[in-house]
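# Descriptive structure summary
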Amino acid sequence: MQQNLLDFDAHALAAYFTEMGEKPFRARQLMRWIYREGESDFAAMTDIAAALRDKLAQGACIATPEIVREELSDDGTRKWLLNVGTGNAVETVYIPEETRGTLCVSSQAGCALDCAFCSTGKQGFNRNLGVAEIIGQLWWANHRLGKNADGNWPISNVVMMGMGEPLLNFDNTVSALRLMLDDHAYGLSRRRVTVSTSGIVPAMDRLREECPVALAVSLHAPNDKLRDQLVPINQKYPLKELLAACQRYLERAPRDFITFEYVMLDGVNDTVQHAHELVRLVCDVPCKFNLIPFNPFPQSHYRRSRPDAIQHFRDVLMSADIVTTTRKTRGDDIAAACGQLAGQVQDKTKRTLQRSMGVA
Ligand code: SAH
Ligand code: SF4
């Protein structure tokens, strides 16, 4: 079988070249072709010796997941459905803004964590995406959009906020992050690459050591009782441990604050009392809040908070000097907004079946 070179970060690609008897700098040359130029045909890589190009073409390939569907929202948001084989498909979303272009990247086919309000979670879990399937989302999206007039790729920011829990696919996510940051690949700033996690405490510590990038933590509740229900992984890593991990993360983070994401669910977690409790909870963690109005999906029984409830909630946080933004809903006409990504997942956990039988 051919080796997909998108599965290698810089270190692994250099090792592959060394094994072939080639100099490691050739690996960097190749990376520039693949990522900076967006080239997938070895024959076009003119400054690489023809003999090496032939050798690569025989044993290796540059392959992204196949695109099965592209949708364009009225607001310019684009969503691609990527076939990752064996009946599974994941989604990638491009969100253009005036000063930046953000790609929302998936890390798993489905998600095992089953947060109460999340469409991906409701699908169950099939498998982790490989490095090529993660970095391939960025490669494909840049390729499809084409370079800007200034010669740069349109994607300046990446958020690991698509389908799945990135920190439960740690190694592949980190290899893909390294390619995003590598100067011979996409060369994005650490501050412009964000991992969003539901709070996998040991993996947050590893990320801080191995590849510190901006961190967003899905908080969603001001106390353990409510968070246990909304984000079940809280039963394993409760708030006290999670917030301590956030503080440790900040020692090496590229930004001096954690972004807390907070989905606004009508009558569930959105009262002024909840906001005051939240202020007390996070008082020791330098942070910003991003309030996400709940995005409904088929089978969801929650409702989005009313705009005045969101405003009051925000006022409480702001008067405690916590910078708080409300996430603009983008792409909801094509089900590309936060939490609406469903793709197509062959649930290996049989969760849907268990649920219908009343055992989960
Ligand atoms: N698994 C990671 C990243 C993917 S989800 C995490 O949980 O952080 C990206 C963000 O969207 C998370 O904050 C998640 O809680 C939120 N989200 C999930 N479902 C949502 C929904 N239906 N409406 C609004 N936000 C949602
Ligand atoms: Fe998984 Fe994140 Fe959805 Fe929770 S919110 S089920 S962790 S993708």
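The structure presented is a predicted model; accordingly, all values stated were derived computationally and were not measured.

Thresholds applied
- Counting from 1, residues in each chain are numbered in the order their sequence is written.
- Going through the entries in the order they are written, you letter the chains from A and number the ligands from 1.
- Local features in this predicted model are restricted to residues whose pLDDT is 70 or higher, and side-chain atom pairs enter the listing and the counts only when it is 80 or higher, whereas totals over whole chains, interfaces and linings include all residues.
- With hydrogens and water stripped out, all remaining heavy atoms of the structure feed into the side-chain values.
- Counting from the N terminus, the helices are the DSSP runs of H or I reaching at least four residues and the strands are the DSSP runs of E reaching at least two.
- For the radius of gyration, the atoms used are the C-alpha atoms, and the globule rule reads 2.2 Å times the number of residues raised to 0.38.
- Between buried and exposed lies partly exposed: a residue is buried under 20% and exposed over 50% of the maximum accessible area for its type, with that area taken using a 1.4 Å probe on protein chains only.
- We call two residues contacting when some pair of their heavy atoms lies within 4.5 Å.
- The Shrake-Rupley method, run with a 1.4 Å probe, gives the accessible areas here. Residue values count only the displayed protein chains as cover.
- Paired strands, in this sense, are two strands between which DSSP finds at least two bridges.
- Neighbouring residues are identified by heavy atoms, a residue being near a molecule or strand if any of them is within 4 Å of it.
- For this analysis, a polar contact is any N or O atom pair within 3.5 Å, provided that within protein one partner can donate a hydrogen and the other can accept it, and provided that sequence-adjacent residues contribute only side-chain to side-chain pairs.
- In the cavity and pocket records, a cavity denotes points on a 1 Å grid over the protein atoms alone where a 1.4 Å probe fits but cannot get out, a pocket denotes an open set with protein on both sides within 12 Å along at least 5 of 7 lines, and lining residues are residues with an atom within 4 Å of a point.
- Any molecule with more than half of its atoms within 2 Å of a cavity's or pocket's grid points is counted as sitting in it.
- Any residue that is not Ala, Val, Leu, Ile, Met, Phe, Trp, Tyr, Cys, Pro, Asp, Glu, Lys or Arg is counted as polar, Gly included; the first ten are nonpolar and the last four charged.
- Domain borders in the structure are assigned automatically or taken from a domain database.
- Two parts placed together each lose some accessible area under a 1.4 Å probe, and the buried area is that loss summed for both.
- Any Lys or Arg side-chain nitrogen located within 4 Å of an Asp or Glu carboxyl oxygen qualifies as a salt bridge.

On a plain count of helices and strands, the protein chain comes out with twelve helices and 14 strands. In summary, the protein chain has a C-alpha radius of gyration of 21 Å against a globular reference of 21 Å for 360 residues, a match within 12%. With the principal axes as the frame, the protein chain shows a C-alpha extent of 70 × 45 × 40 Å. Scored against the burial criterion, the 360 residues of the protein chain give a buried share of 54%. In the protein chain, the share of contacts with a sequence separation of at least 24, taken over all contacts with a separation of at least 6, comes to 66%. Only carbon and sulfur atoms are counted for the fraction: they give 49% of the accessible area of the protein chain, which is about 15,900 Å².

Burial along strand 6 (residues 101-104) is two-sided: the residues G101 and L103 and T102 and C104 are all buried. Where strand 5 (residues 88-96) meets strand 6, four bridges bridge the pair, whose relative direction is antiparallel. Among the inter-strand pairings, V93 is bridged to a residue of strand 6, identified as C104. As paired strands, strand 6 and strand 9 (residues 157-160) are joined by three bridges and run parallel to one another. Residue pairing in the sheet places T102 in a bridge with N157 of strand 9.

Our next topic: the site of ligand 1. The full set close to ligand 1 counts 21 residues, and F117, S196, S218, H220 and N295 are the nearest of them. The backbone of G164 places a nitrogen or oxygen atom 2.9 Å from a nitrogen atom of ligand 1. Measuring from a nitrogen atom of ligand 1, one finds a side-chain N or O atom of E165 at 3.5 Å. Alone, ligand 1 offers 530 Å² of accessible surface; in the complex the protein occludes 96% of this. The site holding ligand 1 turns out to be the largest cavity. If you list the elements that add at least two residues to the shell around ligand 1, you get strand 10 (193-197), strand 12 (258-264) and strand 13 (287-293). When its residues are assigned to classes, the shell around ligand 1 shows ten nonpolar, nine polar and two charged.

In terms of domain boundaries, the protein chain breaks down into domain 1 (3-61) and domain 2 (66-357). Taking the mean C-alpha position of each, domain 1 and domain 2 sit 32 Å from one another. Counting residues at the interface gives 16 residues for domain 1, matched by 17 residues for domain 2. Regarding the contact of domain 1 and domain 2, the summed buried area is about 1,400 Å², with carbon and sulfur atoms giving 57% of it. Considering only the surface of domain 1 that becomes buried against domain 2, D9, Y35 and R36 emerge as the three largest contributors, covering 42% of it. Our count for the domain 1 to domain 2 interface comes out at one salt bridge.

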